[in-house]
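Descriptive structure summary
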Amino acid sequence: MRRATVLGLAALVLLAVLLGGYSAYWLVAAARIKDGVAAWAQAARTRKIEVSWRDLRVGGFPLAFRISLDDAALRDAALSPAPQLHIASLSGTARPWDFSVWRLAAPGGLSAALAGRGARPELQFTAQTAEGFVALAPPAGARLWLTLQRPRADAGARLEAATADAWIVLPPKPPQGHIDPSFGLALDLHQLHLPAAIGAFGDGIDELAFGVTIKGALPGGDIVPAVSAWRDSGGTIELDNLHLEWDGIGAAATGTIALDQDLQPIGGFSGAIEGYDRVLTALVRAGTLHARDAGLARLALAMLAKIGPDGRPQITTSFTIQNGEMFLGPAKLGRAPRIAWQ
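Residues numbered from 1 in each chain as written. Predicted model: local features only at pLDDT ≥ 70, side-chain atom pairs only at ≥ 80, totals over all residues. Heavy atoms only, no water.

Another point: the nonpolar core. In terms of nonpolar packing, the biggest core is built from 40 residues, with Phe 65, Ile 67, Trp 102, Leu 148, Leu 192, Ile 205 and Ile 273 touching the most fellow members. No other element matches helix H1 (residues 2–44), which puts 5 residues into this core. Not counting residues up to four positions away in its chain, the partners in contact with Ile 205 are Gln 191, Leu 192, Leu 194, Leu 244, Glu 245 and Trp 246. One finds Val 212, Trp 230, Leu 263 and Ala 336 within the second-largest nonpolar core, a separate group that totals 14 residues. (Core = buried A, V, L, I, M, F, W, Y, C linked by side-chain atoms within 4.5 Å. Buried < 20%, exposed > 50% of the residue type's maximum accessible area, 1.4 Å probe, protein only. Helix = DSSP H or I, 4+ residues; strand = E, 2+ residues; numbered from the N terminus. Contact = heavy atoms within 4.5 Å.)

Here we come to the packing of aromatic side chains. The final tally for this structure, using the stated rule, is 7 aromatic pairs. A ring pair is formed by Tyr 25 and Phe 65, whose centres lie 6.4 Å apart and whose planes are at 85°; its orientation type is edge-to-face. Here Tyr 25, found in helix H1, pairs with Phe 65, found in strand E3 (residues 65–76); they are 40 residues apart in sequence, far enough to count as distant. Owing to a relative accessible area of 34%, Tyr 25 belongs among the partly exposed residues under this scheme. Taking relative accessible area as the criterion, Phe 65 reaches 0% and is therefore assigned buried. With a centroid separation of 5.3 Å and 80° between ring planes, the pair formed by Trp 26 and Phe 61 is classed as edge-to-face. In this pair, Trp 26 sits in helix H1 while Phe 61 sits in the loop between strand E2 (55–59) and E3, placing the two residues 35 residues apart along the sequence. With a relative accessible area of 6%, Trp 26 lands in the buried category. (Phe/Tyr/Trp six-rings, centres within 6.5 Å; stacked < 30°, edge-to-face > 60°.)

Here the focus is the side chain of Glu 325. Tracing the backbone through its elements, the reader meets Glu 325 in strand E22 (residues 325–328). Separated by 3.1 Å, the side chains of Glu 325 and Arg 335 make a polar contact. (Polar contact = N/O pair within 3.5 Å; in protein donor to acceptor, adjacent residues only side chain to side chain.)

Residues of helix H2 (residues 223–232) that are buried include every one of Val 224, Ala 226, Val 227, Ser 228, Trp 230 and Arg 231, and no others. Elements in contact with the buried residues of H2: strand E15 (204–215), strand E16 (221–222), strand E17 (236–246) and strand E18 (249–259). Note on H2: the residue one or two positions beyond its end, Gly 234, has a positive phi of about 100°.

This part takes up a nonpolar patch on the surface. Taken together, Trp 40, Leu 74 and Leu 85 make up a surface patch of nonpolar side chains, about 260 Å² in accessible area. Since its relative accessible area comes to 47%, Trp 40 is described here as partly exposed. (Patch = residues over 30% accessible without salt bridge, like charges linked within 9 Å, V, L, I, M, F, W, Y side chains within 5 Å. Areas by Shrake-Rupley, 256 points an atom, 1.4 Å probe, with all protein chains shown as cover. Salt bridge = Lys/Arg side-chain N within 4 Å of Asp/Glu carboxyl O.)

Turning to the environment of Lys 173, a few remarks are in order. Inspection of the secondary structure assignment puts Lys 173 in the loop between strand E13 (163–170) and strand E14 (181–193). Here the alpha-carbon distance between Lys 173 and Arg 285, two residues 112 residues apart in the chain, equals 50 Å.

So, on to the pattern of salt bridges. Applying the stated criterion to the full structure yields 11 salt bridges. Note that Arg 57 is salt-bridged to Asp 70, the shortest N-O span being 2.9 Å. Linking Arg 57 in strand E2 with Asp 70 in strand E3, this pair joins segments that are 13 residues apart in sequence. On the basis of relative accessibility, which here comes to 36%, the residue Arg 57 falls in the partly exposed class. Among the residues examined, Asp 70 registers a relative accessible area of 14% and is labelled buried. In this structure, the salt-bridge partner of Arg 150 is Glu 160, at a minimum N-O distance of 3.2 Å. Here Arg 150 is found in the loop between strand E10 (141–149) and strand E11 (152–154), whereas its partner Glu 160 is found in strand E12 (residues 158–160), with 10 residues between them in sequence. Since its relative accessible area comes to 22%, Glu 160 is described here as partly exposed. Because the salt bridges share partners, they merge into one network encompassing Arg 54, Asp 55, Arg 57, Asp 70 and Asp 71.

For the rest of this paragraph, the subject is the pairing of strand E21 (residues 313–322). Look at any regular strand and the pattern is simple: side chains alternate between the two faces of the sheet. Relative to E21, strand E19 (residues 265–274) is paired through 8 bridges, and the arrangement is antiparallel. Bridge assignment links Phe 269 to a residue of E21, and that residue is Phe 319. For strand E20 (residues 306–307) and E21, the ladder comprises 2 bridges, and the chain directions are antiparallel. Paired with Lys 306 across the strands is Gln 314, a residue of E21. Judged from the 4 bridges that link them, E21 and E22 form a sheet pairing that is antiparallel. Residue Phe 319 lies in a different strand from E22, and its bridge partner there is Leu 328. Here E21 hands over to E22 after 2 residues, with Asn 323 in that stretch at a positive phi of 55°. (Pairing = 2+ DSSP bridges.)

This part covers the environment of Phe 327. Mapped onto the elements of the fold, Phe 327 is located in strand E22. Judged by its relative accessible area of 19%, Phe 327 is buried. Each C-alpha atom of the pair Phe 327 and Pro 62 lies 60 Å from the other, and the pair is 265 residues apart in sequence.

Turning to its location among the elements, Arg 120 is positioned in the loop between strand E7 (110–114) and strand E8 (123–127). Polar contacts involving the side chain of Arg 120 include one to the main-chain carbonyl oxygen of Ala 115, which spans 2.9 Å. Excluding anything up to four places from it in sequence, Arg 120 contacts Pro 81, Leu 114, Ala 115, Ile 223, Ala 340, Trp 341 and Gln 342.

Next comes the structure, spelled out in structure tokens:
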């Protein structure tokens, strides 16, 4: 009995030492995390990025480290006008054995704004809630993934979706030339509501997903000279993928986008369309295609169509933007939307 008692006491002492050592480790690590966040915010100021918050706390003991920020704000003064982001309540949680992945949560949502100038209206963006992950792996860069509920963008006209998944990919080092990636962005929007109906397609898109890679260095300063310098250095936007489901129409495409001398988009894309009959009907109703020509086009497209992965007939085609006009194959769709930079 005495031997069992001694072993039991030894086990309790060892457990107490381990718990005490872990508690000390957790407290030291929490203090360093808190100091590290403050140091990061201070270092960001050297790049004209202003980061602030009303309160910063570190909790989550014993199985996690949780950084909580109240009234967090970010302003990128390197650009003019400066984009601004505000999050009422933001938390980031990591496990003690892996500080490279943090789970993010903003239950009160977020808001962002870019001031208007001249003909360009103010851009406002809001989301009711946001959650996701950020992966910080220096050799591979950084990855951010967010799920947004009820995202809404307003720039004179309002776009709103039921949900959106967003990904941002940052390379391990800044681009050295026009072929090097500056960052990657992907969006997957569900139940997107447009400001107005487009032809026969209505004002609701079932799903719109795309991924782009911005190539070339993006200089700071006023937005128009900065974008012009990026264009002049050979900067482009690579459309890595596009997927659209809209009122019986399915589309997929890849391509390249550039800017002309007026900073308006030009580019060419290749892909496949399902439900092309709906496209022809819409062009006839819009008055851009004669009914007789549409009938001939249906016959020609039916002969060219192949069965797609989901069993529906699809055609491969091209989409181009040039001289301010949009073309689907040889068919002119109309004027391309203009970007008001100032």
